[in-house]
Amino acid sequence: MEQEQVAKTSFRFFGLGGSNEVGRSCHILQYKGKTVMLDAGVHPAHQGLASLPFYDEFDLSTVDILLISHFHLDHAASLPYVMQRTNFHGRVFMTHPTKAIYRWLLSDFVKVTNIGSTSPLDKDENLYSDEDLAESFDRIETIDYHSTMDVNGIKFTAFHAGHVLGAAMFQIEIAGLRVLFTGDYSREVDRHLNSAEVPPLPSDVLIVESTFGTATHEPRVNRERKLTQLIHSTVMRGGRVLLPVFALGRAQEIMLILDEYWSQHANELANGQVPIFYASNLARKCMSVFQTYVNMMNDDIRKKFRDSQSNPFIFKNISYLKNLDEFQDFGPSVMLASPGMLQNGLSRDLLEKWCPDDKNLVLITGYSVEGTMAKFIMLEPDTIPSINNPDMTIPRRCQVEEISFAAHVDFRENLEFIEKIGATNIILVHGESNPMGRLKSALLSNFASLKGTETEVHVFNPRNCVAVDLEFKGIKIAK
Ligand SMILES: [Zn+2]
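Being a predicted model, the structure only gives us computed values, none of them experimental.

(A) Representation of the nonpolar core in the model. Residues Leu 227, Leu 258 and Val 334 are the most contacted members of the largest nonpolar core, which totals 71 residues. Top contributing element to this core by residue count: helix 8 (residues 250-264), with eight residues. Residue contacts for Leu 227: discarding those within four places in its chain leaves Leu 243, Ile 254, Ile 257, Leu 258, Leu 363, Thr 365, Ile 403 and Phe 405. Grouped together as the second largest cluster of nonpolar side chains are 32 residues, Met 37, Val 42, Phe 88 and Ile 140 included.

(B) A look at the packing of aromatic side chains. Tallied over the entire structure, the rule returns 14 aromatic pairs. Measuring from centroid to centroid gives 4.8 Å for Tyr 185 and Phe 417, while their planes differ by 45°, and the two rings are tilted. Taken together, the positions of Tyr 185 in the loop between strand 10 (177-181) and strand 11 (205-209) and Phe 417 in helix 14 (residues 411-421) put the pair 232 residues apart, joining distant regions of the chain. Tyr 185 sits in the buried class, given a relative accessible area of 0%. An aromatic cluster of three or more residues is present, and its members are Phe 11, Tyr 31 and Phe 472. Here the basic side chain of Lys 99 rests over the ring of Phe 137, its NZ or CZ set 4.6 Å away from the ring centre.

(C) A look at the sheet that holds strand 3 (residues 34-38). Taken in spatial order, the seven strands line up as 6-5-4-3-2-1-22 in an open sheet, and their pairing is mixed. Looking at the sheet topology across the chains shown, the edges are occupied by strand 6 (140-142) and strand 22 (467-471). Direction aside, neighbouring strands of the sheet carry axes that sit 25° apart on average. Alignment of strand 1 (residues 10-17) against strand 2 (residues 26-31), held across five bridges, turns out to be antiparallel.

(D) How the structure looks around the coordination of the zinc ion. Taken together, the protein ligands of the zinc ion are His 70 (NE2), His 72 (ND1), His 163 (NE2) and Asp 184 (OD), with distances of 2.1 to 2.3 Å. Coordination at the zinc ion comes from four donor atoms whose angles at the metal span 92 to 168°, giving a geometry best classed as irregular. Along the chain, the residues donating to the zinc ion are arranged with the sequence spacing H-x1-H-x90-H-x20-D. Note that His 72 is positioned in the loop between strand 4 (65-67) and helix 2 (73-76) and His 163 in the loop between strand 8 (154-160) and strand 9 (168-174), a separation of 91 residues in sequence. The exposure class assigned to His 72 is buried, which follows from its relative accessible area of 11%.

(E) Spotlight on the packing of helix 7 (residues 220-236) against helix 8. Their axes nearest at 11 Å, the elements helix 7 and helix 8 cross at an angle of 65°. The two elements helix 7 and helix 8 cross, and the hand of that crossing is right-handed. Every residue of helix 8 that contacts helix 7 at Arg 220, Glu 224, Leu 227, Thr 228, Ile 231 and His 232 is listed here: Glu 253, Ile 254, Ile 257, Leu 258, Tyr 261 and Trp 262. Of the residues belonging to the contact of helix 7 with helix 8, the class tally is seven nonpolar, two polar and three charged.

The rules behind each value
- Residues numbered from 1 in each chain as written.
- Predicted model: local features only at pLDDT ≥ 70, side-chain atom pairs only at ≥ 80, totals over all residues.
- Heavy atoms only, no water.
- Core = buried A, V, L, I, M, F, W, Y, C linked by side-chain atoms within 4.5 Å.
- Buried < 20%, exposed > 50% of the residue type's maximum accessible area, 1.4 Å probe, protein only.
- Helix = DSSP H or I, 4+ residues; strand = E, 2+ residues; numbered from the N terminus.
- Contact = heavy atoms within 4.5 Å.
- Phe/Tyr/Trp six-rings, centres within 6.5 Å; stacked < 30°, edge-to-face > 60°.
- Lys NZ or Arg CZ within 6 Å of the ring centre and 35° of its normal.
- Pairing = 2+ DSSP bridges.
- Axes fitted to C-alpha atoms, helices over the stretch in contact; angles between N-to-C directions.
- Donors = N, O, S within 2.8 Å, 3.2 Å for Na, K, Ca; no water.
- Tetrahedral: all angles 85-135°; square planar, octahedral: opposite > 155°, others 65-115°.
- Left-handed = near helix turned anticlockwise from the far one by under 90°.
- Nonpolar A, V, L, I, M, F, W, Y, C, P; charged D, E, K, R; others polar.

Rendered as structure tokens:
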């Protein structure tokens, strides 16, 4: 009896993935007999079942609701597996644009992982099929920004998170206890997205990303200038530029920057002198989603849309390539190609083709997860292994640079947001151990003056499958 009472007042956080790592995000919240699951991703550096969160460590049949923060694979790509291949039977929610993009992204993900597996053993490792994806898709419910849903006493509201189109932060309320989950978020003013907002109601627990730890980003104008100048000088000396990008999301931001720059330097660059390509088998489908959801973007881009009477995502200087068969590789060009971490597919094929030439440039703009080629290439190795023939190595002489447009908060932005939320319990997720550990220390010293007071701030950086238990007895009364 005594035990049961304690259990009822304690809040439990349990990470199945994405704790002390970037990848396979999945977190479980339990309070007053309710269970919420946050995100269902895969780990980009692993394949098949090894890429999943530790689903065996938790009884998924107890989950009431599953909220997906955004469409990136490390947050959403194991959802069809959860819905079709486990005992999960809860309800699933995401925003409208996330659902629209999720559909195309995951059917591409199925295709790419199927191509990657050649042996019969690998075939069994396929997480799910196109049919699983289609069936699960129909059962996903959508939520509007700033609207609150109530599922059996679990209330939750979606807020803008910046980061990518459709990304949401969720504030969850169970019996008066409020928890804010940021997912991936950005606070910087973007060319097309609303930045992350502070919910009007306070939160008791904050679950926040820690991707960049205590690092500081250079101001956006500087990064844009560096990006355009680096690309411009490379193509002027006859080099090719490869920008590995995730098919959707940040790629569209880079395209807005390059399309504008090409128009401003039309004499040298425009009208086919130096073509820009967006190479992805999702290119056309995805652009139509962006063109459709302009009304969910920031005032700046909506104004451009109104003033010019033309869609800002219909680019003048960028053409689409479905695959490399239709690509004639003569002279300098700029290629945005997916996937973003050069694991396989189009971007990897181009990397292997272009990296032996020292005139060429590989420019990394996203966050590169440990264990992927994008992370490896930044060490400037002398050779790289060929994807189709791992015994073969290819000389790497091309220039490699990194300019981040990953749209995650840096330390200053994260701290400012965390202070505004004012939660006394902070759980760090979505960061490699070292940057996360540094962020924890920095937060603890920032809040050191509150130590021993009523509003002392507790910071947790749990590993996967290690529970964080918090007591809230006496504070919370259901309204
Ligand atoms: Zn993301």
